[in-house]
Amino acid sequence: MSLPSKENFSEWFHEIIQTAEIMDIRYPVKGLYVWFPFGFKLRQLVYGKLREIMDREHSEVYFPALIPETELGKESEHIRGFEDEVYWITHGGLSPLDVKLALRPTSETAMYPMFKLWIRNHADLPLRVYQIVNTFRYETKHTRPLIRLREITSFKEAHTAHRNYEEAEEQVKKAIGYYKEFYDFLAIPYMVIRRPDWDKFPGAVYTIAFDTVMPDGRSLQIGTVHHLGDNFAKTFEITYEAVDGNHYFVHQTCYGISERCIASLISMHGDDLGLVLPFEVAPVQIAVIPILYKGKEEKVLDFSNELLEKLKGFRVVFDKGEERPGAKYYKWELKGVPLRFEIGPKEAERREVVVSFRDEKKKFSVPIEEINEQKISQWAEEMRARLRKKAVESIKLKLKFVGELSELSEIVREYVSIMHLCKNRDCGEEIEKHGGKLLGWLEEIPDFLEVSKEGECIVCGGKGSLAVSARSY
RNA sequence: GGGGCCGUGGGGUAGCCUGGUAGAUCCUUUUGGCUUUGGGAGCCAGAGACCCGAGUUCAAAUCUCGGCGGCCCCA
C-alpha cells in the first residue's frame, strides 16, 4: 500500500502512476498504456487550462491520423528526422496499399497540404490552429508511462502561418508566453532553452524548448516552440497574395506540449504519501471525512450536510465509508486531494471544521461560518505559491554551475550542469563527450539561477553564454 | 547500439540451483458477517496465481530454445 520513497525516484514514479490510478501499465503492448478514470480526469483538467489559453487566439481543429507517404516524405530534412520512428500501414485487409500510410508522428505534413488550400491572400493570415491528438513514434529506447511512449495520447500541437519571418517570430514569443503561463499555473519551474542548431526540430529554423528538472537530476523536455521560416511553405507551396499583388511564401511556427506535462506535475510536487496537486487541476479538490462515533452519527451527518451545502461549487468527496478515519486520510492523500475537512462530534458541537492542507502537516480549526468560496480560493492560491517555492528549492539543489571542464563528467552524473559555452559546434560536441546531452543555451535566466549570462566558453575560452547540459529523459 | 537480470492470485514476494499433487510461502487486495471509527482496526468464514509456444522427461513453476513483456548498467 505504501509507496517507495521519492529518494528512489524511478521506482516511486513507476509505483505512483499505478497506485494513484493515473495509468494502468499492464496493457500488453510495449510503450502503450491505459488512462484510468482518475488519471484521465486529471488530464482533462490540465488540458482544460491549456485549451483555455490556446482558445484565446487559436481555433481548434482535427486532422486525420494517417498521412500518405507521398506527403510525409516531401520535406527531406523533416522525413530524415522521423523515418526511424514511423509506424506504417501497408495493407487494407489483405491487399497491399498503393501508397503506404504513416501513423502521424507529428502533423506538419498532414496539415500543410491543406494550409495550401486554405490560405489565398493576406486577409487569411495569420492562421492559427491547434489540435489535441495522439501521435505515434516507434521508440527504441526504454519506454516509460507519460514520458517515453510509442503512442503519445495527448499531444497538443499548434500550427500558425504568417506573412513574414518577423511576424512568425512574434508568434514564437507569444507561444513562449503561453507556455510560461501554463507551467506557472501548474507551479512547475522550467528553463527556456534554445536548442543547438544541430539538434533542432527537423525542418525548423530554430527550436526553443521548455525543460524542467526531475527529482533524480535528469532533465525533461516539457514543451517545444519552433520557428519554421518558409521551409515547409516552399515544400508545400503555401503562398498568399499580398496587397502589392505579388505572391509570397508564408512563414510558419509550430509548438507542442504532450502528457509529459502531467509527468512533470506528478514528479515535481508529489511526495512519499502520493500525489500533491494544485487545487485547480485536482480531480478531487476537497475530501470531507466524517468521524462517526456510535450514537452520534446523526449530529455529525447533519453538520456535514450543512458544510457540503457550502462546497457545491467544488469537486468534493464526502467519504462516509466503513474505513476508519486514518485509512481515509491516507487514501485521499495518495490521490493528491489539496484540502481535507474533518468533522467529528466535537466539531458538530462547536460548529467548527478541522482543515488540513495536502502539502503541509498541520491541522487547524475554522468556524463553519468562515468557510466560503473566497476563503477556499485564497487557500488554493496560497498553496500554489507554496508548491512553486518548494519546487524551486528542490530544483536549485539539482543544478550546478560548472567552472572547469575537468569537473563536468563528475557533476553531470548527478546534476543538471550550467556553464558558459560558445555557439561553436566543436565546443558543444566536446561537452557531450563528458556525458549528458547539451540541451542548448538559456534564452532567459530563470529566477532560480544566480549566475551571469555572459562568460568565457568552458571549452575554448571564447565568448560564451549560459548553456545547460544534463542527462535527459 | 552493447551487456546483465527478471516474468508465480489484482499488486509485491518465497519456491526454481537439486523436476515429483501450488490440497496453507508470506504481505497486501478482495467478498460476506460480527465488532469498531479523532492517522493505515480486530476476529470468523470465503475468493483469487505459475506470461505464451515448442522441446527434454514417466513427470516441468523448476531444465533447454523461441516469442512477448518488464527492469538495470554502459555507449
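Bear in mind that the values here come from a model prediction, so they are computed numbers and not experimental data. Going along each chain's sequence as written, the residues are numbered from 1 onward. Here the convention is simple: chains get letters from A, ligands get numbers from 1, in the order in which they are written. Restriction of local features to residues with pLDDT of at least 70 applies here, the model being predicted, together with a cutoff of 80 or more for giving and counting side-chain atom pairs; totals for whole chains, interfaces and linings are based on all residues. The side-chain quantities take in all heavy atoms of the structure and omit both hydrogens and water.

A.B. asks: Break down the sheet that holds strand 5 (residues 88-92) for me, with residues and values.
C.D. replies: Sheet strands pair via backbone hydrogen bonds, and the direction of the pair is either parallel or antiparallel. Only strands that DSSP links by at least two bridges are regarded as paired with each other. What counts as a helix is a DSSP run of H or I of at least four residues, what counts as a strand is a run of E of at least two, and both are numbered from the N terminus. Ordered by their spatial adjacency, three strands build an open sheet running 4-6-5, and the pairing between neighbours is antiparallel. Unpaired on one side and paired on the other, strand 4 (66-68) and strand 5 mark the two borders of the sheet. In this sheet, adjacent strand axes meet at a mean angle of 45° when their direction is disregarded. To obtain an axis, a line is fitted to C-alpha atoms, over the contacting stretch when the element is a helix, and the angle between two such axes runs from 0 to 180 degrees between their N-to-C directions.

A.B. asks: Pulling in residues and values, what's your account of the protein's contact with RNA strand B?
C.D. replies: Nearness is defined per residue: one heavy atom within 4 Å of the molecule or strand is enough. Taken together, 30 residues are adjacent to RNA strand B, and Ser-10, Arg-26, Glu-333, Arg-340 and Glu-347 come closest. Within 4 Å of the protein, atoms of RNA strand B come from sugar and phosphate in 43% of cases. Taking Arg-324, its side chain carries an N or O atom lying 2.9 Å from a phosphate oxygen of RNA strand B. When contributions to the surface near RNA strand B are tallied by element, the ones reaching two or more residues are helix 10 (325-334), strand 17 (339-343) and helix 11 (345-350). Among the elements that make up the surface near RNA strand B, the one with the highest residue count is helix 10 (six residues). Contacts described as polar in this section are N or O atom pairs within 3.5 Å, which, within protein, must combine one atom able to donate a hydrogen with one able to accept it, while residues neighboring in sequence count only if both atoms come from side chains.

A.B. asks: An account of the domain arrangement of chain A is requested, with residue identities and associated values reported.
C.D. replies: Domain ranges listed in this record stem from an automatic or a database domain assignment. As assigned here, chain A comprises domain 1 (9-269), domain 2 (284-381) and domain 3 (399-470). The C-alpha-based centres of domain 1 and domain 3 are spaced at 27 Å. The contact definition used throughout considers only heavy atoms, calling two residues in contact when any of these lie within 4.5 Å. On the side of domain 3, 20 residues touch domain 1, which itself brings 17 residues to the contact. Carbon and sulfur atoms make up 63% of the area that domain 1 and domain 3 hide from each other, which totals about 1,500 Å². Once two parts are brought into contact, the accessible area they lose, counted with a 1.4 Å probe and summed over both, makes up the buried area. A per-residue breakdown of the area domain 1 buries against domain 3 is headed by Met-191, Arg-194 and Trp-198, which together make up 39% of the total. We define a salt bridge as a side-chain nitrogen of Lys or Arg found within 4 Å of a carboxyl oxygen belonging to Asp or Glu. Here domain 1 is connected to domain 3 by three salt bridges. The shortest N-O distance in the salt bridge between Asp-199 and Lys-437 comes to 3.3 Å.

A.B. asks: Could you give me a rundown of the sheet that holds strand 15 (residues 286-290), with the residues and numbers involved?
C.D. replies: Taken together, the five strands give an open sheet; going across it, the order is 16-15-17-18-19, and neighbouring strands pair in mixed fashion. Only two strands of the sheet have a single partner each, and these edge strands are strand 16 (316-318) and strand 19 (363-367). Geometrically, the sheet is characterised by an average inter-axis angle of 25° between neighbouring strands, direction not taken into account. Sheet topology note: the strand 15/strand 17 ladder contains five bridges and is parallel. Within the sheet, the bridge partner assigned to Val-288 lies in strand 17 and is Phe-341. Packed onto the sheet, helix 9 (residues 297-310) meets strand 15, strand 16, strand 17 and strand 18 (352-357) and runs at close to 150° relative to strand 17.

A.B. asks: Account for the side chain of Glu-259, with residues named and values stated.
C.D. replies: Secondary-structure assignment places Glu-259 in the loop between strand 14 (251-257) and helix 8 (260-269). Look at Glu-259: it is buried, it has no salt bridge, and the nearest opposite charge is Arg-43 at 6.5 Å. Within polar-contact distance, the side chain of Glu-259 engages the side chain of Thr-153 at 2.8 Å. Sequence-distant contacts of Glu-259, defined by excluding residues within four places in its chain, comprise Trp-35, Tyr-47, Leu-146, Leu-149, Glu-151, Ile-152, Thr-153, Ser-154 and Phe-155. With a 1.4 Å probe rolled over the protein chains alone, any residue whose accessible area is under 20% of its type maximum counts as buried; one over 50% counts as exposed, and the rest are partly exposed. Neither His nor the chain termini are counted; the positive set is Lys and Arg, and the negative set is Asp and Glu.

A.B. asks: So, the environment of Leu-186: which residues are in play, and what are the values?
C.D. replies: Along the polypeptide, Leu-186 turns up in the loop between helix 6 (165-185) and strand 9 (191-194). Classification of Leu-186 by relative accessible area gives buried; the value is 0%. Note: C-alpha distance between Leu-186 and Glu-21 (165 residues apart in sequence) is 20 Å.

A.B. asks: So, the packing of helix 1 (residues 9-19) against helix 8: which residues are in play, and what are the values?
C.D. replies: Running from amino to carboxyl end, helix 1 crosses helix 8 at an angle of 115°, the nearest separation of the two axes being 11 Å. Judged by the angle between their axes, helix 1 and helix 8 are roughly perpendicular. Crossing of helix 1 over helix 8 shows right-handed handedness. The segment helix 1 lies against helix 8, with Phe-9, Trp-12, Phe-13, Ile-16 and Ile-17 engaging Ala-263, Ile-266 and Ser-267. If an angle is under 35 degrees, it is roughly parallel; if it is over 145, roughly antiparallel; if it lies from 65 to 115, roughly perpendicular; otherwise it is oblique. We call a crossing left-handed when the near helix sits turned anticlockwise from the far one by less than a right angle, and right-handed when that turn is clockwise.

A.B. asks: Residue-level account of the packing of aromatic side chains, with values.
C.D. replies: Side-chain rings of Phe, Tyr and Trp (the six-membered ring for Trp) are treated as a pair once their centres are within 6.5 Å; stacked means planes under 30 degrees apart, edge-to-face means over 60, and tilted covers the remaining angles. Enumeration according to the criterion identifies 25 aromatic pairs in this entry. Both rings, one in Phe-9 and one in Phe-13, keep their centres 5.9 Å apart while their planes meet at 40°; by these two values the pair is tilted. Residue Phe-9 and its partner Phe-13 are located together in helix 1, separated by four residues, close to a single helical turn. Accessibility classification places Phe-9 together with Phe-13 in one group, the buried group. Residues Trp-35 and Phe-40 carry aromatic rings whose centres are separated by 6.2 Å and whose planes lie at 75° to one another, so their mutual orientation is edge-to-face. Taking relative accessible area as the criterion, Phe-40 reaches 40% and is therefore assigned partly exposed. Lying over the aromatic face of Tyr-138, Arg-150 brings its terminal NZ or CZ to 4.2 Å of the ring centre. Stacked on the ring of Tyr-473, the Lys or Arg Arg-218 has its end atom at 4.1 Å from the ring centre. By definition, being over a ring means that NZ of Lys or CZ of Arg is both within 6 Å of the ring centre and within 35 degrees of the ring normal.

A.B. asks: Can you explain the pattern of salt bridges? Please cite residues and give values.
C.D. replies: Close approach of charged atoms allows side chains of opposite charge to pair. Counted by the stated rule, this structure contains 37 salt bridges. Here Asp-271 ties to Arg-358 by a salt bridge, and the two come within 2.8 Å at their closest N and O atoms. Taken together, the residues Asp-271 in the loop between helix 8 and strand 15 and Arg-358 in the loop between strand 18 and strand 19 connect sequence positions 87 residues apart. Here Asp-271 falls in the partly exposed class, since its relative accessible area comes to 22%. Residues Glu-309 and Lys-312 are paired through a salt bridge, measuring 2.9 Å at the closest nitrogen-oxygen approach. Several salt bridges share partner residues, and in doing so they unite Lys-49, Glu-52, Arg-56 and Glu-181 into one network.

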